[in-house]
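Results of the structural survey
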Amino acid sequence: MKLKKASHLILFISILITLCFFTLLITINLATTSGLTWQTITILTSGFAIIIYLIVRYFIGILIINRLNVLIKNVYSNPKNDQLFDPQKPMDTLIDDIENDLENWGSEKVKEIDKLKEQEAFRREFLGNLSHELKTPIFSIQGYLLTLLEGGLDDPAVNKLFIERASKATDRMARIVADLDQITKIEADTFRLDIRPFDLVELVKDIFESLELDAQKKEINLKFERDYSTIFVEADRNKISQVLTNLIVNSIFYGNTQGVTTISLNQIDDLVLVSVIDDGPGIEEAHMPRLFERFYRVEKSRNRNEGGSGLGLAIVKHLLEAHGQTINVKSEVGKGSTFSFSLNKSKSNPSNLYSSRGVQIK
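These notes cover the structure that comes with them. All values reported here derive from a predicted model rather than from experimental measurement.

Rules used in this analysis
- Residues numbered from 1 in each chain as written.
- Predicted model: local features only at pLDDT ≥ 70, side-chain atom pairs only at ≥ 80, totals over all residues.
- Heavy atoms only, no water.
- Buried < 20%, exposed > 50% of the residue type's maximum accessible area, 1.4 Å probe, protein only.
- Helix = DSSP H or I, 4+ residues; strand = E, 2+ residues; numbered from the N terminus.
- Pairing = 2+ DSSP bridges.
- Phe/Tyr/Trp six-rings, centres within 6.5 Å; stacked < 30°, edge-to-face > 60°.
- Axes fitted to C-alpha atoms, helices over the stretch in contact; angles between N-to-C directions.
- Parallel < 35°, antiparallel > 145°, perpendicular 65-115°, else oblique.
- Left-handed = near helix turned anticlockwise from the far one by under 90°.
- Contact = heavy atoms within 4.5 Å.
- Salt bridge = Lys/Arg side-chain N within 4 Å of Asp/Glu carboxyl O.

Looking at the pairing of strand β2 (residues 221-224)
With burial as the criterion, only one face of β2 is covered, namely that bearing L222 and F224; the residues N221 and K223 on the opposite face remain uncovered. Where β2 and strand β4 (residues 260-268) come together, four bridges link them in parallel fashion. Its bridge partner being in β4, L222 is matched across the sheet by T261.

A closer look at the packing of aromatic side chains
Considering all chains together, one arrives at five aromatic pairs under this definition. The interplanar angle of 55° and the centroid separation of 5.2 Å between the aromatic rings of Y144 and F162 together place this pair among those described as tilted. One end of the pair, Y144, is in helix α3 (residues 91-149); the other, F162, is in helix α4 (residues 156-187), with 18 residues separating them in the sequence. By the burial criterion, Y144 is buried, and F162 matches it. Taken together, the aromatic side chains of F208, F224 and Y228 make up a single cluster linked through ring pairs.

Notes on the packing of helix α5 (residues 200-210) against helix α7 (residues 237-254)
Packed helices, taken two at a time, are described by their axes: the angle between them and the distance between them. With their axes 10 Å apart at the nearest point, α5 and α7 run at an angle of 50° to one another. As summarised for this structure, α5 and α7 are arranged oblique, according to the angle between their axes. Every pair of crossing elements has a handedness; the one defined by α5 and α7 is right-handed. Only R237, I240, S241, L244, T245 and I248 of α7 make contact with α5, whose side of the interface consists of L200, E202, L203, V204, D206, I207 and F208.

Considerations on the pattern of salt bridges
Pairs may arise between side chains of opposite charge once their charged atoms sit close together. Per the stated rule, a full pass over the model turns up seven salt bridges. R226 is paired through a salt bridge with E225; the nearest N and O atoms lie 3.6 Å apart. Since its relative accessible area comes to 43%, R226 is described here as partly exposed. The class of E225 is partly exposed, set by a relative accessible area of 44%. With a shortest N-O distance of 4.0 Å, D236 and K239 are connected by a salt bridge. By the burial criterion, D236 is buried, and K239 matches it.

Here's what the structure looks like:
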């Protein structure tokens, strides 16, 4: 039986009490005429009172449980369960269960709200950083084009220089958009890793060659910690190349003039520990927790035109996580920094592998 309105229950209880009252009068009348003692009448009356109490309690319990089921179901937004609480349980137990459930629900909602606030703060900061990153090259392009339109185009000493600078600013914007697109694809899991065995030593040598001019401008020496023979790992070669390139470029860009960037490769069981070590200015401890956030920069005052997209370390973190690996940082102010990550060693036979140049390795 379901009583969904309090007025129905009140009417029912009123009728029940009235019937019980008349039944009690009839019982007393019969007891008097039949010669029952007052002790017997008292026992019968107490029995009636207990029965009335139990009946009223039962139906009030039904009303309370029905109403609580409706309220709790609305709170949880769970239309699948018609009965969240068992009306056969003792009332005190039911109330305790409801209190515990509501406390847990409240705690979960507080955590959700805190997480939403954190995400909102991150979103605002991210949009602010993105607008700042794009604003710099856009204003540069506008300035160069405006100068050219106002007569600089006819000046041989200006036109080519400003067009080249505008081209560089455009390239910077393209890098930012490309890096954002890559991070979005990584987070959305819309890209696939091409896991194959390759020679890690050869990859590092290729990266050293590609960054040789940048290192020479800063007078930074790129080297291995020691001489290595071939070390085969299983990973996506292009993605790991991007990871190492970003780390080495950062060591060049932020490193001290006439400094050294060292690559260390240590084989530990089934892993190869890769470390990029520089002797630059180091990173303060306060910056460590946010080092891999998008657009986060340790040196806020640095001219952003001189750097990359501001997404390099964020991409590094995401690419390594896609490989099931993590990156660790150790740094001491004034002495340099070390970025380390591990890769799985190759279990294939090296004689069946091919180098990045398409030559079979024997």
